[in-house]
Structure formats: C-alpha cells, structure tokens
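# Notes for the structure review
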Amino acid sequence: AKYVDISIPYDAAAKLAYEASDKSMAYDAFKAKYEADAVADVMAKYVDISIPYDAAAKLAYEASDKSMAYDAFKAKYEADAVADVMAKYVDIS
C-alpha cells in the first residue's frame, strides 16, 4: 500500500485567505492578523455553558411544593440520590 499524506498544514486557512487577499502586507504579518482576528471572533461568540453543581437539586426544588427551606430540601435530595445509587450497587468482587 502506498502512503498518502492527507495532513493539512496548521496555517492552511491563513494561506488560503492570503492568496485571496490583495497581498498588501507580507504573509507573516497577514497570518498574525488573521489568527488574532480568528481568536477574537471565537471569543466574541463565547457562551458560558457551565452547569451549577446543585442544578439538579434546584430544578427538583422548583418543581416541588416548597414545603421546606431549600437548604433542607437540597440535603434530603442529595441523601436520597446517594441512597438510590447505593441501592443499585452490585458487589462483583
């Protein structure tokens, strides 16, 4: 079997953009600006998608009748969750 290199150079996108440009600046300067602009574009679109540690408890509390304070509800919710997991535990040793 013959080896075929299908790798793409790291700066291929910058090279293609430079070739399509008016070439009014040297490639190295164009590449630096192109990469900085690309990073700025990505950062401008940044959205925090982190999930709070106690999100499940908060959602369950919001769906509850709220007959107890959140802190007490959360403690019971977490204890019940651990008990549910432990009830499914199978010792295979």
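See the structure printed just above.
Residues numbered from 1 in each chain as written. Predicted model: local features only at pLDDT ≥ 70, side-chain atom pairs only at ≥ 80, totals over all residues. Heavy atoms only, no water.

## Let's talk about the overall build of the protein
- Helices and strands together make up the secondary structure of the protein, namely four helices and zero strands.
- Tracing the protein from N to C terminus, the helices and strands come up as α-α-α-α.
- Overall, the C-alpha framework of the protein stretches about 70 × 45 × 15 Å when taken along its three principal axes.
- In the protein, which comprises 93 residues, the proportion classed as buried is 12%.
- Residue pairs in contact within the protein that sit at least 24 positions apart in sequence constitute 6% of those at least 6 positions apart.
- On the protein, the mean spot of the 11 positive side-chain charges and the mean spot of the 17 negative ones are 4 Å from each other. (Helix = DSSP H or I, 4+ residues; strand = E, 2+ residues; numbered from the N terminus. Buried < 20%, exposed > 50% of the residue type's maximum accessible area, 1.4 Å probe, protein only. Contact = heavy atoms within 4.5 Å. Lys, Arg positive; Asp, Glu negative; His and termini not counted. Charge placed at Lys NZ, Arg CZ, Asp CG, Glu CD.)

## Overview of helix α1 (residues 12-20)
- Those residues of α1 that fall on the buried side of the exposure criterion are A12, A14 and Y18. Each buried residue of α1 sits inside an arc of 160° when the element is viewed along its axis, so together they form one side. Looking at α1, the residues exposed on the side facing more than 90 degrees away from the buried face are L16 and A20.
- On its buried side, α1 packs onto α2 (27-44). (Arc of directions from axis to C-beta.)

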